[in-house]
Amino acid sequence: RTVVDGRYTLLVKGLDRAGNQSVSQRVVRVDRTIRSVAWSRSSFIPKLGQKARMVFVLRRPASVTVSITQGSTVVREIWKDRALGAGTYGWTWDGRTSTGVLLTPGTYRVVVTATSWIGSSTFTGSVAIRTR
């Protein structure tokens, strides 16, 4: 059955062959603060003036950071620790860095991190820059 978002404690007790008891306890966090992340198109050609729109949905208020990455490199930071309420948010990308440099063709990811009373969660979505 599905549980509500929050922090839970998972407690596992076991016995070894000799009858010795072992107990392990872990905190488990169920966090659906970010409902979804999606791009308006899977690829686009910035040299032709095309753009792609990224949209994400928050279920509850959170502090949100959004960035565009390629591999482990951040190529554009969109928002940093921005306080947002529950709702739908979007941003349109022209394939450029924050200084206006057109990025090379390849696959890029939007990384959305939301921190709420539950903790921090991250969702990603990919888009490709093409030359044609």
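Preceding this paragraph is the structure being described.
Residues numbered from 1 in each chain as written. Predicted model: local features only at pLDDT ≥ 70, side-chain atom pairs only at ≥ 80, totals over all residues. Heavy atoms only, no water.

### As for the overall build of the protein chain
Here is step 1: Looking only at helices and strands, the protein chain features zero helices and ten strands.
Here is step 2: Its C-alpha atoms give the protein chain a radius of gyration of 20 Å, clearly above 14 Å, the size a compact globule of 132 residues would have.
Here is step 3: For the C-alpha atoms alone, the extent of the protein chain along its principal axes is close to 70 × 35 × 25 Å.
Here is step 4: When the 132 residues of the protein chain are sorted by exposure, 37% land in the buried category.
Here is step 5: Sequence separation of at least 24 residues holds for 55% of the intrachain contacts in the protein chain that already meet a minimum separation of 6.
Here is step 6: Accessible surface computed for the protein chain: about 8,300 Å², of which carbon and sulfur atoms make up 49%. (Helix = DSSP H or I, 4+ residues; strand = E, 2+ residues; numbered from the N terminus. Rg over C-alpha atoms; globule rule 2.2 N^0.38 Å. Buried < 20%, exposed > 50% of the residue type's maximum accessible area, 1.4 Å probe, protein only. Contact = heavy atoms within 4.5 Å. Areas by Shrake-Rupley, 256 points an atom, 1.4 Å probe, with all protein chains shown as cover.)

### Some details on the sheet that holds strand β3 (residues 34–39)
Here is step 1: An order of β3-β5-β8 is seen for the three strands of this open sheet, with the pairing classed as antiparallel. A single partner strand is all that each edge strand has here, and the edge strands are β3 and β8 (87–93). Ignoring which end each strand starts from, the neighbouring axes of this sheet average 15° apart. (Pairing = 2+ DSSP bridges. Axes fitted to C-alpha atoms, helices over the stretch in contact; angles between N-to-C directions.)

### Regarding the nonpolar core
Here is step 1: Core analysis: the biggest nonpolar cluster contains 25 residues, and F56, V64, V66, I68 and W93 have the highest contact counts within it.
Here is step 2: Among the elements of the structure, β3, β5 (52–58), β6 (62–70), β7 (73–84), β8, β9 (106–115) and β10 (120–129) are those that each provide at least two residues to this core.
Here is step 3: Once you skip the residues sitting within four places of it in the chain, W93 turns out to touch W39, F44, K51, A52, I68, R76, L103, Y108, V127 and I129. (Core = buried A, V, L, I, M, F, W, Y, C linked by side-chain atoms within 4.5 Å.)

### So, a nonpolar patch on the surface
Here is step 1: On the surface, L10, V12 and V28 cluster together into a nonpolar patch covering about 230 Å² of accessible area.
Here is step 2: Here L10 shows up in strand β1 (residues 6–15). (Patch = residues over 30% accessible without salt bridge, like charges linked within 9 Å, V, L, I, M, F, W, Y side chains within 5 Å. Salt bridge = Lys/Arg side-chain N within 4 Å of Asp/Glu carboxyl O.)

### Observations concerning the environment of R26
Here is step 1: Mapped onto the fold, R26 is located in strand β2 (residues 21–30).
Here is step 2: Taking relative accessible area as the criterion, R26 reaches 55% and is therefore assigned exposed.
Here is step 3: As a C-alpha pair, R26 and R7 span 19 residues in sequence and 10 Å in three-dimensional space.
Here is step 4: Those residues within four positions of R26 in sequence are excluded, and the remaining contacts are Y8, T9 and L10.
Here is step 5: Within polar-contact distance, the side chain of R26 engages the side chain of S24 at 3.4 Å. (Polar contact = N/O pair within 3.5 Å; in protein donor to acceptor, adjacent residues only side chain to side chain.)

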